[in-house]
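Per-entry structural report
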Amino acid sequence: MTTLQSAPATAALSPAPPARRSPGLLKRLAGRSTGGLVRLGLLIIALFWMVPTLGLLVSSLRKPLDIQASGWWSIFTAPASLTLHNYTSLLANPAISRSVANSIMITVPATLLVVIIGALAAYIFAWVEFPGRDVVFLIVVGLLVVPIQVALIPVTDLFAKVGIFGSIASVVLFHVAFGLPFAIFLLRNFFAQIPQELLEAARLDGAGELRLFTRVVLPLGGPAIASLAIFQFLWVWNDMLVALIFANSSAAPLTVALTEQTRQFGTNIDVLSSGAFLSMIIPLVVFFAFQRQFVSGLTAGALK
Amino acid sequence: MISLRVRRRETAVAYTLLTPSLVGIGLFLVLPVFVVLWLSLRQWDLVSPSTFVGLRNYRDILSDPAVGNSFAVTALFTAMVIPVQTVLGLGVALLLNRRLPGSAFFRALYIVPWICAPLALGVVWKWMFDPTDGVLNAIIGHRITWLSSENLALPSVAAVSVWSQVGYVSLFFLAGLSAVPGHLYEAARIDGASAVRTFWHITLPLLRPTTFFILVTGIISSFQVFDTVYAMTSGGPAGHTDVIASHIYQEAFVDFRLGRAAALAVALLVVLVMVTVAQQLWFRRRITYELG
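Residues numbered from 1 in each chain as written. Chains lettered and ligands numbered in written order. Predicted model: local features only at pLDDT ≥ 70, side-chain atom pairs only at ≥ 80, totals over all residues.

A look at the overall build of chain A
What counts is decided by this rule: By the criteria applied, helices consist of DSSP H or I runs no shorter than four residues and strands consist of E runs no shorter than two, each listed in order from the N terminus. Remark: C-beta atoms are placed from the backbone, and a residue is labelled buried if 20 or more other C-beta atoms sit within 10 Å of its own, exposed if 12 or fewer do, or partly exposed between those counts. Distance between backbone-placed C-beta atoms decides contact: two residues are in contact if it is within 7 Å.
Each helix and strand counted, chain A has 15 helices and zero strands in total. Residue burial in chain A is summarised as follows: out of 304 residues, 43% are buried. A separation of at least 24 residues holds for 77% of the contacts in chain A among residues at least 6 apart in sequence.

Okay, structure coming up:
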């Protein structure tokens, strides 16, 4: 009985059914060797994927003089002293430490706003019937094709006229607007799968649209909302182009500050490696904290 | 039968709740398309008032070899990146889908580059490609000038782009694979179909919606590639990696020729719309399997 009950849940998660163990010894050996080959393939790709990041991490922990003298891989043959010196000197640089704060002040509101506004719109498109709904939704999704380059010049002009050009707010506003079509697209598809009976029941109980949204749709839409939040967080945190244009030097995020450093000091790798690694830590932590929701949100939202 | 008044009130509520989205999208996506069209017919340096010049910007960019080069470089970049990352991403997804112990670890590992800022990765790879101090030349034992060679610069940037996207693409394919009903594989196995046949006739057709999504969004973003190029080559050597996004940035925010930049942005938009519509048509004929 227990197996029957848990079957649908696991079926939804597990992909191809595992090949049944064949009894023959030869076949079993063959099966094991393909398993070995697969693992070998995965391992080789993994090495290729891991080495650059590892090299970066190791280099960021070495003294500038050591980096000049030998490649980072030499620590495996001649263990050298590792130090946090690069990081302390990097964060002592006021331009860098402020840019970390700016990155946070840009990314957090830009992510929250897209999630809230996008989820509200997605709910309306999925569950409220009104004239023009399908046309408006099609237009919104169609706007996914508009490249960022189209908007940069007109919005620069707009921000200048309103007087917010150069501010953190201008970067946030741009990211929110450009994140909305994808947000609405992803969430609407997910919300549309919520069983209609649930909503009907709540409506019969006299719940208004806003109440339906906060009490029924939001709690059920967890995975899709999590995956949207991750997408948006990564886009905004990792963006350079938008910030390069709209943010002045006191509002510049980490990506822009890093670029400035490289332009000014060339490739002095002690600053670069620690700075690059610093820019990666927060998104990595955020991603892996929500990884599970991200994947199940993708399954349900983007691909249907 | 719902009364007209209820319906009218529902419509009002719907549009009220949609207002923040529609205002944002209208102001930053829809309006700019029209403003850029208008600007592309004018000459403007961001400071003095703009003047109407008719179609001159379009004539200029059409006859400018640097613009032609930029579009060619961007198309070439896309042609290098998209097929490789799609096939590799599918391959990795199929391997991960075998659910061997450690799959979760590998999946996490492959996604790392996608999570990191393209700018930071570009900086890292620039350092690894370095002709004298770089790890790549240290391994092969030759002094190859990867990023300053006219033939190698674009493929090098494209390789980094593929490297950073494969994990992301495979995540989507994994999600797609998990939606393929298991009984189809079971049926194929009972019929004695080989693994290759099962892949071609079951897996691949059922992955079409995923493939469509990956290709459409991948091509749109690869036509806008900027950060990786900016960090690794800044468009050089001699324009060999001068992708269209860099070119527009240069025209608009370095040279302050905004009319020309607007005309280029319009051209990019037109290209992207055409490519996307073409894919839509191509896939619409082929997406015949609906998952219940």
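Still more ground to cover, so stick around.
Let's talk about the UniProt feature "transmembrane region" (unreviewed entry) in chain A
All names here are of chain A. The condition is simple: UniProt positions are given in the numbering used here, feature names are shortened, and annotations may be inferred rather than shown by experiment.
This chain's UniProt record puts "transmembrane region" (unreviewed entry) on residues 37-59, 104-128, 135-156, 162-191, 212-235, 241-259 and 271-290. Helix makes up 96% of residues 104-128 and strand makes up 0%, while its end C-alpha atoms are separated by 35 Å. With 95% helix and 0% strand, the stretch residues 271-290 has end C-alpha atoms that lie 30 Å from each other.

Structural notes on the UniProt feature "domain: ABC transmembrane type-1" (unreviewed entry) in chain B
Using the residue numbers shown here, the UniProt feature "domain: ABC transmembrane type-1" (unreviewed entry) corresponds to residues 71-279 of chain B. In residues 71-279 of chain B, the share of helix is 75% and the share of strand is 0%. The end C-alpha atoms are 19 Å apart.

Quick word on the domain arrangement of chain A
All names here are of chain A. Spelled out, the test is: These domain boundaries are the output of an automatic or database domain assignment. Gly is put with the polar residues, along with every residue not named as nonpolar or charged; the nonpolar set is Ala, Val, Leu, Ile, Met, Phe, Trp, Tyr, Cys and Pro, and the charged set is Asp, Glu, Lys and Arg.
Its domain assignment divides chain A into domain 1 (20-83) and domain 2 (87-301). On the side of domain 2, six residues touch domain 1, which itself brings six residues to the contact. At the level of secondary structure, the elements contributing two or more residues to the side of domain 1 that touches domain 2 comprise helix H2 (25-60) and helix H3 (64-69). Per-element accounting of the side of domain 1 that touches domain 2 gives the leading share, four residues, to H2. Here the residues of the side of domain 1 that touches domain 2 sort into four nonpolar, two polar and no charged.

A short note on the interface of chain A and chain B
Taken together, the contacts link 74 residues of chain A with 75 residues of chain B. In terms of residue count, the dominant contributor to the side of chain A that touches chain B is H2 of chain A (13 residues). Of the residues that constitute the side of chain A that touches chain B, the class distribution is 58 nonpolar, 14 polar and two charged.

Some remarks on the UniProt feature "transmembrane region" (unreviewed entry) in chain B
All names here are of chain B. Per the UniProt record, the feature "transmembrane region" (unreviewed entry) sits at residues 12-39, 71-96, 108-128, 166-185, 206-226 and 261-283. Secondary structure over residues 12-39 splits into 100% helix and 0% strand, and the C-alpha atoms at its two ends are 35 Å apart. For residues 261-283, the helix share is 100%, the strand share is 0%, and the end-to-end C-alpha distance is 33 Å.

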